[in-house]
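Remarks on the overall topology
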Amino acid sequence: MLRLAIALLAFASLPASAVDRLVGIETRPGVKVAYWWMERPDAVATVMLLPGGEGGIGMKDGVPTSSNFLVRSRDLFAAAGYNVAVVGKPSDRQDLDPGFRASPDHVADRRRIAEKLRKDFGKPVWLGGTSLGTISAAATAIAAD
């Protein structure tokens, strides 16, 4: 028990930027998607949180600031023992309208991120969307092999 307390104190004392960070990957030729990454020790799975509305995560001062429910709740998922990826918009889009959210390009973006997370961290990847983000989650899940 003492070891667990020491480990938790050591983890809690790390600055957020040492653990939580913005990650960007190329998902299609010439297109990048950024996501806020929160890796947690002993995570049981990784959740990809897909915001609704225009699909942004609202970065300000180095942290997500969107008022979207999933963006605001990211710390709760992390505290519950999940790795968290709060996924933003691709670099070739200003917003994620409903038509684009069901498109092959959008599905390719989300699948590429899920594949990277699964490969890099060896955990199942679960999709969660709110509002228009449910279209993103459903379209990606339907296209899964």
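Provided above is the structure to which this section pertains.
Quick summary incoming for the structure in this document.

Here is what the cut-offs are and how they apply
Residues numbered from 1 in each chain as written. Predicted model: local features only at pLDDT ≥ 70, side-chain atom pairs only at ≥ 80, totals over all residues. Heavy atoms only, no water. Helix = DSSP H or I, 4+ residues; strand = E, 2+ residues; numbered from the N terminus. Buried < 20%, exposed > 50% of the residue type's maximum accessible area, 1.4 Å probe, protein only. Contact = heavy atoms within 4.5 Å. Salt bridge = Lys/Arg side-chain N within 4 Å of Asp/Glu carboxyl O. Pairing = 2+ DSSP bridges.

Scanning the chain for helices and strands turns up seven helices and seven strands. Shown N-terminal to C-terminal, the secondary structure of the chain runs as helices and strands in the order α-α-β-β-β-β-β-α-α-β-α-α-β-α. Looking at the 145 residues of the chain, the share that counts as buried comes to 41%. Counted over contacts in the chain with a minimum sequence separation of 6, partners at least 24 positions apart contribute 70%.

A separate point is unusual backbone geometry. For Asp42, which is not glycine, the phi dihedral falls at a positive 60 degrees. Looking at where Asp42 falls in the secondary structure, it is placed in the loop between strand 2 (31-38) and strand 3 (45-50). For Asp61, which is not a glycine, the phi torsion comes out positive at approximately 55 degrees. By secondary structure assignment, the location of Asp61 is in the loop between strand 4 (59-60) and strand 5 (63-64).

What follows concerns the environment of Gly30. Relative to the assigned elements, Gly30 resides in the loop between strand 1 (20-28) and strand 2. You can call Gly30 exposed: its relative accessible area is 64%. Here the alpha-carbon distance between Gly30 and Ser91, two residues 61 residues apart in the chain, equals 8.5 Å.

With that settled, consider the pattern of salt bridges. Using the criterion set out here, one finds six salt bridges in the structure. The closest approach of N and O atoms between Arg93 and Asp97, which form a salt bridge, is 2.6 Å. Residue Arg93 is classed as partly exposed on the basis of its relative accessible area, which comes to 26%. Measuring nitrogen to oxygen at the nearest pair gives 2.5 Å for the salt bridge that ties Asp120 to Lys116.

It is worth spelling out the pairing of strand 2 at this point. Of all eight residues making up strand 2, six are buried, and the element is well covered by its neighbours. In this sheet, strand 2 lies alongside strand 1 in antiparallel orientation, the contact comprising eight bridges. Residue pairing across strands places Arg21 opposite Trp37, the latter belonging to strand 2. Connecting the antiparallel pair strand 1 and strand 2 is a turn made up of two residues, with Gly30 showing a positive phi of about 80 degrees. Note: strand 2 against strand 6 (residues 82-90), five bridges, orientation antiparallel. Within strand 6, the residue paired with Trp36 across the bridge is Val86.

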